[in-house]
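Summary of the model geometry
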Amino acid sequence: MLDTTSRDTAVTLARAIAEDDAFRAALADLIAFPTDASREVAPLHAYLAHVAQGFAAMGFETQGYTSEGRPFLLASRIEDDARPTVLGYAHGDTVPGMEGQWADGRDPWALSEDTGTGRWYGRGIADNKGQMLVNMTAMQAVLTARGSLGFNAHVLIEMGEEIGSPGLRKVCDRLKERLKVDLLIASDGPRIDAETPTIFLGARGGATFRLTLHRREGGRHSGNFGGALKNPALELAHALASMTSAKGALQVAGWVPDGVPDAARTALAGLTPAGGEVDADWGAEGLTPAERIHAWNSAEILAFSAGNIAHPVNAIPDRAEAVVQLRYVPGIDDTQLTEALRAHLDQHGFADIAIEEQGPRFRASATRVDHPAAQFAAQSLARTAGDDPVLLPSLGGSLPNDIFTEVLGVPTIWVPHSYPGCSQHAPNEHLPRALFADATGLMAGLYWDLGSVSKDALLGV
Ligand SMILES: [Zn+2]
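Please read all numbers here as calculations on a predicted model, not as lab measurements. (Residues numbered from 1 in each chain as written. Predicted model: local features only at pLDDT ≥ 70, side-chain atom pairs only at ≥ 80, totals over all residues.)

**With respect to the pairing of strand S1 (residues 61–67)**
Regular strands show a simple pattern: their side chains alternate between the two faces of the sheet. Pairing of S1 with strand S2 (residues 70–77) involves 7 bridges; the strand directions are antiparallel. Of the residues in S2, the one forming a bridge with Gly64 is Leu73. Between S1 and S2, which pair antiparallel and follow one another directly, the connecting turn spans 2 residues, one of which, Glu68, has a positive phi of 50°. (Pairing = 2+ DSSP bridges. Helix = DSSP H or I, 4+ residues; strand = E, 2+ residues; numbered from the N terminus.)

Shown next, in the form of C-alpha cells:
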C-alpha cells in the first residue's frame, strides 16, 4: 500500500520550500548567468558548474561532457538497480536577453517581481531555468521526507536547446550504455493554462523552408513593363495560397496526417487550447482547435518579402522570397518533406520556385496516450491536484524529444511548469509566482510515487 501520510509530507514540504525566500534566491542565482545560447560559451560552463554543486549537495554524482563544442552536465543518483530509473532533462541556455526592450527597465538577467500581479520576471525563468529548479526542489523534498528518492535518477542538462540542441544526440548516443533508463520525466514548455496541471507525451516536429522566386536581375518599371512581365511577388503569393485552403487547412499531399488516433481524440475532448486564443473557423475541417494544435499539422508563413515595403517604388520586383514552416505530428514520412512540397508546387504550375530547407529540423515524436507510464504520471498528478491533469498527445511546439524516444528508446513524459502567456522568447519573460509552489508539489508527488511503484507496473510488463 502507498504511504499516504509521508506522501503528503513530501508534497507539503515541497510547496513550503518553493515558497521560501531561499527558493527565490536560488532562482535569482540561475537567472544571473547570461546564458544566451547564441553568444560566448563561458557563462554556459559557469552555469553548469553552479548547477553541479546543487546536485552534489543532493547526493548526485556529476560529470561534465562536451559534444559538438557545447557543454553538458549529467547528474546521477543510483540507489538500487531493482528500482525504476528515470532520466530528467533540462536546458540552461536561453534566447537572447533583449536588453532594453523589457517593460519598466527590467534587467533580463536579474530576477524581479511585480508585487501587483504576483509575477516573477527574468530571462529563462520559464524556459527553462525555473522549471529545472522546480524539479530539483521536488527531489530535495522527497529526499528529506523519505531519506532516499526510492528510484534511480539521471539528470541531463544541455546548454544549446535554443539553437537546435547541437551535440545532444551525440552525447545521448555516447551515454547510451550508462543511460539504461526506464523513462524520461522532464519539464519544458507551457501548461495548457497557468492553473491546470498538464502532461504532454512528445512534441510536434518543425521543418522550415525558404521559397525563392528570382525572375531577373533588377526591377522593371511597373508602367513600361507591367502586364507583360511576370511578377515574382504575385506568383509566390499564389503558390503560398495553394498550400492551404482559404481557411488555413493544409493542402500539400504528404504533409497531412491520416487521422487523429482515438486515444488522442479522447484525451483532447473538451479542451480549450492556447489560452482560448484560437480562431474557431481556421484550420483543418472537422477537427477541434485542440486537435489542430496537438494532433495535426500546420504550415505557417513566417516571413514574406518582395520589393521594399518601407520605400515602395514603381517597379516590378525582381525576386520574392518567403519562409514557410511546417509543424507536424508523428505519422507522416518526414524524410520526404521537401520532395512533397516540390511535387505540390510543380503540380500547381510553380516549378520555377526554388525550395531550400533551413535547419535545424526538429523531428516529431511522441509516446502513446495509453502507455502505462503516461497513465501512471496522469494518476499521480490527479492524486496531488485532486483533479485530472490535461494530457496532450504532443506539445504544439518543438522539443528534442525524438532523441529520447529514438536514441534511448524510452517513453517520454513531460510535465511543463510554464504557461502560454509567459513571453518566453520575447522581452518580459515571467511566471506567476504561485505556479512554482503548485508545480513543485505536483513533482514531489510524482517523484514520491515513482519511489513506490514497481518497474513492471510502470512499464506495463
Ligand atoms: Zn525556448
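**A look at the domain arrangement of the protein chain**
Segmentation of the protein chain into domains returns domain 1 (4–203 + 364–459) and domain 2 (205–262 + 281–362). Computed over C-alpha atoms only, the centres of domain 1 and domain 2 are separated by 35 Å. Contact residues are listed per partner, giving 10 residues for domain 1 and 13 residues for domain 2. (Domains from an automatic or database assignment. Contact = placed C-beta atoms within 7 Å.)

**Focus: the sheet that holds strand S19 (residues 430–432)**
Within a beta sheet, neighbouring strands are joined by backbone hydrogen bonds and run either parallel or antiparallel to one another. Reading across from one edge, S4-S5-S19 is the order of the 3 strands in this open sheet, with antiparallel pairing throughout. The open sheet has two free edges, formed respectively by strand S4 (112–114) and S19, since each of these has just one partner strand. Neighbour to neighbour, the strand axes of the sheet diverge by 25° on average, direction disregarded. Direction of pairing for S4 relative to strand S5 (residues 119–121): antiparallel, over a ladder of 3 bridges. Note on S5: the bridge partner recorded for Ser112 is Tyr121. Together, S5 and S19 form the strand contacts of helix H12 (residues 433–450), whose direction differs from that of S19 by roughly 70°. (Axes fitted to C-alpha atoms, helices over the stretch in contact; angles between N-to-C directions.)

**Here we look at the sheet that holds strand S15 (residues 354–362)**
Across the sheet, 4 strands lie side by side as S12-S14-S10-S15; this open sheet has antiparallel pairing. Every interior strand has two partners, whereas the edge strands, strand S12 (298–306) and S15, have only one. Geometrically, the sheet is characterised by an average inter-axis angle of 20° between neighbouring strands, direction not taken into account. With 6 bridges connecting them, strand S10 (residues 205–214) and S15 associate as antiparallel partners. Paired with Thr212 across the two strands is Ala354, which belongs to S15. Relative to strand S14 (residues 319–328), helix H6 (residues 232–242) is tilted by about 15°, and along the sheet it contacts S10, S12 and S14. Where helix H9 (residues 337–347) meets the sheet, it contacts S10, S14 and S15, and its direction lies at approximately 150° from that of S15.

**A short note on the environment of Gly359**
When you line up the elements, Gly359 lands in strand S15. By C-beta crowding, Gly359 is classed as exposed, having 8 other C-beta atoms within 10 Å. (Buried ≥ 20, exposed ≤ 12 C-beta atoms within 10 Å, placed from the backbone.)

**Some thoughts on the packing of helix H2 (residues 21–31) against helix H4 (residues 129–146)**
One can describe the packing of H2 onto H4 by two numbers: an axis separation of 10 Å at closest approach and a directional angle of 140°. One way to sum up the angle between H2 and H4 is to call them oblique. Pair H2 / H4 crosses with right-handed handedness. For the pair H2 and H4, contact is made by Phe23, Ala26, Leu27, Leu30 and Ile31 and by Lys129, Gly130, Leu133 and Thr137, respectively. (Parallel < 35°, antiparallel > 145°, perpendicular 65-115°, else oblique. Left-handed = near helix turned anticlockwise from the far one by under 90°.)

**Some thoughts on H9**
Those residues of H9 that sit buried are Leu337, Leu341 and Leu345. Buried residues along H9 cover an arc of 65° about the axis, so they all sit on one side. Counted as exposed and oriented over 90 degrees from the buried face of H9: Glu339, Asp346 and Gln347. Structurally, H9 contributes buried residues whose contacts are with S10, H6, S14 and S15. (Arc of directions from axis to C-beta.)

**Some thoughts on the packing of H4 against H12**
For any two helices packed against each other, the geometry comes down to the angle between their axes and how far apart the axes lie. Look at H4 against H12: their axes get within 8 Å of each other, and the N-to-C directions meet at 50°. Classified by the interaxial angle, the pair formed by H4 and H12 is oblique. For H4 against H12, the interelement crossing comes out right-handed. The residues of H12 that touch H4, namely those facing Gly130, Val134, Asn135, Thr137, Ala138, Met139, Ala141 and Val142, are Phe436, Ala439, Thr440, Met443, Ala444, Tyr447 and Trp448.

**Let's talk about the nonpolar core**
Within the largest apolar cluster, 127 residues are counted, with the highest numbers of intra-cluster contacts made by Val142, Ile199, Ala377, Ile413, Ala444 and Tyr447. Broken down by element, this core gets its largest block of residues, 10 residues, from H12. Each of domain 1 (4–203 + 364–459) and domain 2 (205–262 + 281–362) accounts for three or more of the residues forming this core. Not counting chain neighbours up to four residues away, the residues in contact with Ile199 comprise Ala374, Ala377, Ala378, Leu381, Pro389, Leu391, Leu392, Ile413, Trp414 and Val415. (Core = buried A, V, L, I, M, F, W, Y, C linked by C-beta atoms within 7 Å.)

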